[in-house]
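# Descriptive structure summary
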Amino acid sequence: QVQLVESGGGLVQAGDSLRLSCVASGFAFSSYALGWLRQAPGKERQFVAGVSRNGGRMNYADSVKGRFTISRDNIKNTVYLLMNNLKPEDTAVYYCARGGAYDTAWLSPSSYATWGQGTQVTVSS
């Protein structure tokens, strides 16, 4: 079955960096857009970033543009989220997500319908 296993979360201070990783299995990794979502306490899950099937195109939420970078390795079946200049408002559970298996899926937040268990990121001020 589809498995998405995140790692790399933790407690950091404002301005620090973290890199999240997600190892996928159970499906044809390179055929799907991949992305990251997050959910802060008391808030709905929101789109953070998405990457196209070949890794050449990325889409970001306005709140993270210029600070976060998504990438993928289709040999290692892994997707990454490099988060720089972290802010307290970035505190959330971060979920790796599988998007759609079509060319423009990376652009559509609604295509990310399968998620992992999540990893906690806490940013202190």
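Everything here concerns the structure above.
Conventions we followed
- Residues numbered from 1 in each chain as written.
- Predicted model: local features only at pLDDT ≥ 70, side-chain atom pairs only at ≥ 80, totals over all residues.
- Heavy atoms only, no water.
- Salt bridge = Lys/Arg side-chain N within 4 Å of Asp/Glu carboxyl O.
- Helix = DSSP H or I, 4+ residues; strand = E, 2+ residues; numbered from the N terminus.
- Buried < 20%, exposed > 50% of the residue type's maximum accessible area, 1.4 Å probe, protein only.
- Pairing = 2+ DSSP bridges.
- Axes fitted to C-alpha atoms, helices over the stretch in contact; angles between N-to-C directions.
- Phe/Tyr/Trp six-rings, centres within 6.5 Å; stacked < 30°, edge-to-face > 60°.
- Lys NZ or Arg CZ within 6 Å of the ring centre and 35° of its normal.
- Polar contact = N/O pair within 3.5 Å; in protein donor to acceptor, adjacent residues only side chain to side chain.
- Disulfide = S-S within 2.5 Å.

Tallied over the entire structure, the rule returns 4 salt bridges. Measuring nitrogen to oxygen at the nearest pair gives 2.9 Å for the salt bridge that ties arginine 38 to aspartate 90. Placement of the pair is arginine 38 in strand β4 (residues 34-39) and aspartate 90 in the loop between β8 (78-83) and β9 (92-98), with a sequence separation of 52 residues. Accessibility assignment for this pair places arginine 38 and aspartate 90 in one class, buried. A single network of salt bridges, built from pairs that share partners, joins Arg38, Arg67 and Asp90.

A word on the sheet that holds strand β3 (residues 18-25). With antiparallel pairing, the 4 strands of this open sheet are ordered in space as β1-β3-β8-β7. Pairing within the sheet leaves two strands with one partner each, and these edge strands are β1 (3-7) and β7 (68-73). Averaged over all pairs of adjacent strands, the angle between strand axes in this sheet comes to 15 degrees, irrespective of strand direction. For β3 and β8, the ladder comprises 6 bridges, and the chain directions are antiparallel. Considered in β8, the bridge of leucine 18 is made with methionine 83.

For the rest of this paragraph, the subject is the packing of aromatic side chains. Remark: the centre distance and the inter-plane angle together describe each pair of aromatic rings, the angle taken between the planes. The tally for this structure, following the rule as stated, stands at 3 aromatic pairs. Feature note: the residues Phe27, Phe29 and Tyr32 constitute an aromatic cluster, connected by ring pairs. The cationic tip of arginine 45 hangs over the ring face of tyrosine 95; the distance from NZ or CZ to the ring centre is 3.9 Å. The ring of tyrosine 32 has arginine 98 lying over it, and the distance from NZ or CZ to the ring centre is 4.2 Å.

By the element assignment, threonine 78 lies in strand β8. Residue threonine 78 is classed as buried on the basis of its relative accessible area of 6%. Of the polar contacts made by the side chain of threonine 78, one reaches the backbone oxygen of lysine 76; its length is 2.9 Å.

Taken as a whole, this structure holds 1 disulfide when the rule is applied. Residue pairing for cysteine 22: its cysteine sulfur links by disulfide to cysteine 96, the two sulfurs lying 2.2 Å apart. Note on the cysteine 22 and cysteine 96 pair: the S-S dihedral is about -75 degrees, so by sign convention the disulfide is left-handed. Remark: cysteine 96 occurs in strand β9 and cysteine 22 occurs in strand β3; sequence separation between them is 74 residues. Neither residue differs from the other here; cysteine 22 and cysteine 96 are each classed as buried.

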